[in-house]
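# Structure assessment
Listed below are the residues making up each chain.
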Amino acid sequence: MRTHMHGCDHCNRGAKIHISERRRTNKKATREFEAISSHGAIKGCVACVDGYLLRIQVPSSKETGNVKAHFSGHYQAYGVNVQAACDANSKFVYACVAAPGGANDIAAFRRSKLSRIIKTLPIGKFIIGDNAYVCSEHLLTPFSCEERLDGRKDAYNFYLSQLR
């Protein structure tokens, strides 16, 4: 079986992506996330994103130009980096084979169509990711290290973690 890495745009042809394409869908998504957030503390979330190493057999050099690019040192396995987003009911609203397994989540995310989609979200709407991603106006991540010692930032992390 031949393996091809064409990036996300190829994978998304004909895919149904529910993030930001319909205003009504986003309103429903934010209501559902707000309902599971204690005291409705987090308002505006439309999805949660994370990366996953989908393990594969070691590809041959005929199948891919760079066999080593598919090796994840973190998991000590060959694979592809899948970027996926879920709604408040843990249903996939987006999934894409974004990069070879050696790529970290932020590199794979930047190659995905999802990174462009979230830039079109209205102000106040966002997705949530873990610390593998870079925090921005439309992608919220938890505080890390010493920042967590601040009580307000620790509370923010608590409420954010409820939705992931």
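Before reading further, recall that the structure is shown in the block above.
This report concerns the structure included in the present document. Everything numeric in this text was worked out from a predicted model, so none of it was measured. (Residues numbered from 1 in each chain as written. Predicted model: local features only at pLDDT ≥ 70, side-chain atom pairs only at ≥ 80, totals over all residues. Heavy atoms only, no water.)

## What to know about the state of the cysteines
Following the criterion strictly, the structure yields zero disulfides and no others. Cysteine Cys48 is unpaired, with the sulfur of Cys45 as its nearest cysteine sulfur at 4.5 Å. (Disulfide = S-S within 2.5 Å.)

## Some points on the pattern of salt bridges
For side chains of opposite charge, pairing can occur when their charged atoms come near one another. Evaluation of the coordinates by the stated rule reveals three salt bridges. Put simply, Lys43 and Glu34 hold a salt bridge, and the shortest N to O gap is 3.2 Å. Close ionic contact of Arg152 with Asp150 constitutes a salt bridge, the shortest N to O distance being 3.5 Å. (Salt bridge = Lys/Arg side-chain N within 4 Å of Asp/Glu carboxyl O.)

## Notes on the environment of Gly129
When you line up the elements, Gly129 lands in the loop between strand E5 (126-128) and strand E6 (139-140). Residues within four places of Gly129 in sequence aside, it is in contact with Val49, Leu139, Leu140, Thr141, Pro142 and Arg164. (Helix = DSSP H or I, 4+ residues; strand = E, 2+ residues; numbered from the N terminus. Contact = heavy atoms within 4.5 Å.)

## What about unusual backbone geometry?
Residue Gln76 is not a glycine yet carries a positive backbone phi of 55°. Assignment of secondary structure puts Gln76 in the loop between strand E2 (71-72) and strand E3 (77-86). Taking relative accessible area as the criterion, Gln76 reaches 55% and is therefore assigned exposed. Phi angles above zero are rare outside glycine, and Cys145 is one such case at about 50°. Following the sequence through the fold, Cys145 ends up in the loop between E6 and helix H5 (151-163). Its relative accessible area of 60% is what places Cys145 among the exposed residues. (Buried < 20%, exposed > 50% of the residue type's maximum accessible area, 1.4 Å probe, protein only.)

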